[in-house]
Amino acid sequence: MEITEFSMDLFSLRGKSAIVTGGNTGIGRAFSLALAQSGANILVPSLIDDDGTTQKIIEETGSCYVFMEVDLTDEGVPQQVVEHCVEVFGTVDILVNCAGMYLSEEVRHFDRAKWDPMIQLNLTAAFEMSHEAAKKMIPQKSGKIINICSLFAFLGGQSSPANAAAKHGLVGLTKAYCDELAGHNIQVNGLAPGYLATDMTKRDRDDPVTNQKVLAHVPANYWGEPADLMGALIFLASSASNFVNGHILPIDGGYLVR
């Protein structure tokens, strides 16, 4: 592309179709809305339905919204999700692997009962979704796969070895798929959110000691918001990032540099 061909249209997703796993709650909802506002139609597979909020905000953008109440860890479900996206929208152009769960326990008590479900959803389901999406993206010679990692793709982290293992695993999956799919014009990248003001972190934010401990490590000196991730997602989902591949982008207010 010549520099004179650059335009803001490169960030448009009009006519594209996106699967956002877990895209109707938490940061997943922010990702779904960002993609819809850029013109993409959205399919959300999730085990948890919401009160209709997600459908309302997506359809207000003019994009289409399809919800599938499914368990991504069940055998064959990832294939069903991808096939349904193609059936409804004609293609699958973007996959955002966002679905996840978090269980914590002191190391002596964090056993297989806690390990297995986290690895199955946070890592194995992301692999299976990527595997099925790649089958559709390779023949069409285009596609974007975006894995939602976290700071714990770079750190250890206490009280949840499965979380750190899964996030490190997503980084490896991202790089392995990038290496194999780049030649098919498919870009595979990841986002690594830092400490965000969400329902999941409310207890930590309300605790003065924990809150101060986090803020002391963040040069920006505040907790991020889900909205802080939306622009980066659109960049990685759009043609503007066609030469960005295998990258994990931290969005952490500078946490990793301190």
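Residues numbered from 1 in each chain as written. Predicted model: local features only at pLDDT ≥ 70, side-chain atom pairs only at ≥ 80, totals over all residues. Heavy atoms only, no water.

- In the annotation of an unreviewed UniProt entry, the entry for the chain reads 2-deoxy-D-gluconate 3-dehydrogenase, and the organism field reads Enterococcus gilvus ATCC BAA-350.
- Reading the Sequence similarities (unreviewed entry) entry of the UniProt record for the chain gives the comment "Belongs to the short-chain dehydrogenases/reductases (SDR) family." (UniProt positions renumbered as here; feature names shortened; annotations may be inferred.)

**Section: the side chain of Asp 50**
Piece 1. Among the secondary structure elements, Asp 50 is positioned in the loop between strand 2 (41-46) and helix 2 (53-59).
Piece 2. Here Gly 52 takes part through its backbone nitrogen, which lies 2.6 Å from a polar atom of the side chain of Asp 50.
Piece 3. Apart from the residues lying within four places of it in its own chain, the contact partners of Asp 50 are Asn 24 and Arg 29. (Helix = DSSP H or I, 4+ residues; strand = E, 2+ residues; numbered from the N terminus. Polar contact = N/O pair within 3.5 Å; in protein donor to acceptor, adjacent residues only side chain to side chain. Contact = heavy atoms within 4.5 Å.)

**Points about a nonpolar patch on the surface**
Piece 1. A grouping of Met 1, Phe 6 and Met 8 is seen on the molecular surface, where their side chains present a nonpolar patch of about 400 Å² in accessible area.
Piece 2. Looking at the element boundaries, Met 8 is found in the segment before strand 1 (17-20).
Piece 3. Relative accessible area serves as the criterion here: at 60%, Met 8 is assigned to the exposed category. (Patch = residues over 30% accessible without salt bridge, like charges linked within 9 Å, V, L, I, M, F, W, Y side chains within 5 Å. Areas by Shrake-Rupley, 256 points an atom, 1.4 Å probe, with all protein chains shown as cover. Salt bridge = Lys/Arg side-chain N within 4 Å of Asp/Glu carboxyl O. Buried < 20%, exposed > 50% of the residue type's maximum accessible area, 1.4 Å probe, protein only.)

**So, the packing of helix 1 (residues 26-37) against helix 8 (residues 227-237)**
Piece 1. Between helix 1 and helix 8, the shortest axis-to-axis distance is 9 Å and the interhelical angle comes to 55 degrees. By the criterion of interaxial angle, the relationship of helix 1 to helix 8 is oblique. With respect to the hand of their crossing, helix 1 and helix 8 are arranged in right-handed fashion. Residue-level contacts link Ile 27, Ala 30, Phe 31, Leu 33, Ala 34, Leu 35 and Gln 37 of helix 1 to Leu 229, Met 230, Leu 233, Ile 234 and Ala 237 of helix 8. (Axes fitted to C-alpha atoms, helices over the stretch in contact; angles between N-to-C directions. Parallel < 35°, antiparallel > 145°, perpendicular 65-115°, else oblique. Left-handed = near helix turned anticlockwise from the far one by under 90°.)

**Some details on the environment of Phe 152**
Piece 1. Tracing the backbone through its elements, the reader meets Phe 152 in the loop between strand 5 (143-148) and helix 5 (161-181).
Piece 2. For the pair Phe 152 and Gly 194, spaced 42 residues apart in sequence, the C-alpha to C-alpha distance is 8.8 Å.
Piece 3. With sequence-adjacent residues up to four places away left out, Phe 152 is seen in contact with Gly 157, Asn 163, Ala 164, Lys 167, His 168 and Tyr 195.

**So, the pattern of salt bridges**
Piece 1. Within the structure shown, the criterion is met by 7 salt bridges.
Piece 2. Salt-bridge contacts for Glu 106 lead to Arg 108; the nearest nitrogen and oxygen are separated by 3.0 Å.
Piece 3. Judged by its relative accessible area of 70%, Arg 108 is exposed.
Piece 4. Its salt-bridge partner being Asp 116, residue Arg 112 comes within 2.8 Å of it at the nearest N-O pair. With Arg 112 and Asp 116 both in helix 4 (residues 112-140), this residue pair falls 4 residues apart, about one helical turn.
Piece 5. The exposed category is assigned to Arg 112, whose relative accessible area is 58%.
Piece 6. For Asp 116, a relative accessible area of 24% puts it in the partly exposed group.

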